[in-house]
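# Fold and contact review
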Amino acid sequence: MGGISGILFFVLAGLGGLLFIGGIIYLVAYFTKDGGKKINFNINTLLHIYFYVISLVSLAISIIGLVIFMNALMSYKFGVPFSYELSEVNSPIEIGGGMTEPLCYQGNPMDIEGQKVCFDSERQKSDIVNGLSFFVSMIIIYILHRIGLHIVEKKEKFVWLKKIYNFLSLIGYSLVGIISIPMATYLLVNYIYFRPDNIVQINPPSIPVAISVITIPIWITFFIKTLKNQENIKNK
């Protein structure tokens, strides 16, 4: 399970590409199901597509900032090993007839839970500031584009485009949830019941837990929207 955090962020970062490919497939299927239905891509249509795409991407990317922020917060609540991978301090070496201080390739030697490990004492604070700044900036972009979408929809609405947006969002957050929820459960159970005595051997569960907590409400929201779209189709 080493490098679990990097894997999760890789999955989240690749979500945009997956949704783009899925969108192309969905569009092709949608506009060919009625015997070659033509698309009138005027400036208004393209503007709607722009607002939906940026809304989808900005919301997905904002999750990364929020995860970083929550990860740092949980390290204060549950301890540094819960959120961050730690490394052992390298033994002193002899240089010029003298011995060096204990060395760290990253961070500085410090005592955590009675053990000498390498960790950057400023990382928690920087992750809180950077994560929150990243999240707020992306959420502002998301809100502005949703406002822009609301304005252009006063003139004309594209129901099919809204359905695509909800459907692709449902798929994307479902995939993230399917990956993060069992991973968070596995790491959390191991942390609570089978935690190793040496804290450098701990696989931190914080990031999978944060991703699960954030994505589950979003997943449920788009699931409900998709069901409502299906009910509207049946009523018609």
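Residues numbered from 1 in each chain as written. Predicted model: local features only at pLDDT ≥ 70, side-chain atom pairs only at ≥ 80, totals over all residues. Heavy atoms only, no water.

## Quick look at the overall build of the chain
On a plain count of helices and strands, the chain comes out with seven helices and five strands. What you see in the chain, going N to C, is helices and strands ordered as α-α-α-α-β-β-β-β-β-α-α-α. Each of the 236 residues in the chain was classed as buried or not, and the buried ones make up 38%. Counting contacts in the chain only where the partners sit at least 6 residues apart, residues at least 24 apart contribute 78% of the total. (Helix = DSSP H or I, 4+ residues; strand = E, 2+ residues; numbered from the N terminus. Buried < 20%, exposed > 50% of the residue type's maximum accessible area, 1.4 Å probe, protein only. Contact = heavy atoms within 4.5 Å.)

## Considering a nonpolar patch on the surface
On the surface, a nonpolar cluster with roughly 600 Å² of combined accessible area is contributed by Leu-132, Val-136, Ile-140, Ile-143, Leu-144, Ile-147 and Ile-151. With respect to the helices, strands and loops of the structure, Ile-147 is situated in helix α5 (residues 123-152). Judged by its relative accessible area of 45%, Ile-147 is partly exposed. (Patch = residues over 30% accessible without salt bridge, like charges linked within 9 Å, V, L, I, M, F, W, Y side chains within 5 Å. Areas by Shrake-Rupley, 256 points an atom, 1.4 Å probe, with all protein chains shown as cover. Salt bridge = Lys/Arg side-chain N within 4 Å of Asp/Glu carboxyl O.)

## Points about the sheet that holds strand β1 (residues 87-88)
Hydrogen bonds between backbone atoms are what pair the strands of a sheet, whose relative direction is either parallel or antiparallel. Strand order in this open sheet of three strands is β1-β5-β4, and the pairing throughout is antiparallel. Strand pairing shows two members of the sheet lacking a second neighbour, β1 and β4 (108-112), which therefore form its edges. Pairing between β4 and strand β5 (residues 115-119): five bridges, direction antiparallel. Bridge pairing in β5 places Asn-108 opposite Phe-119. (Pairing = 2+ DSSP bridges.)

## Re the state of the cysteines
For the structure shown, the criterion picks out one disulfide. Linked covalently through their sulfurs, Cys-104 and Cys-118 form a disulfide whose S-S length is 1.9 Å. Where Cys-104 bonds to Cys-118 through sulfur, the torsion about that S-S bond is close to -85 degrees, and the disulfide is left-handed. Pair noted here: Cys-104 is in the loop between β3 (98-99) and β4 and Cys-118 is in strand β5, with a separation of 14 residues, a long-range link. Here Cys-104 matches Cys-118 in class, with each residue buried. (Disulfide = S-S within 2.5 Å.)

## Considering the nonpolar core
In terms of nonpolar packing, the biggest core is built from 43 residues, with Val-67, Leu-86, Ile-112, Tyr-173 and Phe-222 touching the most fellow members. Every element with two or more residues in this core is listed here: α3 (43-78), α4 (80-83), β5, α5, α6 (159-193) and α7 (206-235). Here this core takes eleven residues from α3, the largest share from any one element. (Core = buried A, V, L, I, M, F, W, Y, C linked by side-chain atoms within 4.5 Å.)

## As for α3
Relative to the 52 Å expected for 36 residues at 1.5 Å per residue, α3 spans 52 Å between its end C-alpha atoms, a close match to the ideal helical length. At the C-terminal side of α3, Gly-79 shows a positive phi close to 105 degrees. (Expected span 1.5 Å × (residues − 1).)

## A word on a positive patch on the surface
Together, Lys-157, Lys-162, Lys-225 and Lys-228 line one region of the surface with positive charge. One can find Lys-162 in helix α6. (Lys, Arg positive; Asp, Glu negative; His and termini not counted. Charge placed at Lys NZ, Arg CZ, Asp CG, Glu CD.)

## Digging into the environment of Val-189
You can see Val-189 is positioned in helix α6. On the basis of relative accessibility, which here comes to 37%, the residue Val-189 falls in the partly exposed class. Separated by 16 residues in sequence, Val-189 and Pro-205 place their C-alpha atoms 9.0 Å apart.

## Quick word on the packing of aromatic side chains
As enumerated under the stated definition, the model contains seven aromatic pairs in all. An angle of 45 degrees between the planes, with centres 5.2 Å apart, marks the rings of Tyr-52 and Tyr-165 as tilted. Of the two residues, Tyr-52 sits in helix α3 while Tyr-165 sits in helix α6, which places them 113 residues apart along the sequence. Tyr-165 shares its class with Tyr-52; the two are buried. (Phe/Tyr/Trp six-rings, centres within 6.5 Å; stacked < 30°, edge-to-face > 60°.)

## Focus: the confidence of the model for the chain
With 74% of its residues at a pLDDT of 70 or more, the chain shows a mean pLDDT of 81. Per-element confidence in the chain ranges from a low mean pLDDT of 51 for β3 to a high of 95 for α4. Long-range and interchain partners of residues 1-5, a stretch whose pLDDT sits below 50, account for eleven contacts in this model, where long-range means more than four residues apart. (pLDDT = per-residue confidence, 0-100.)

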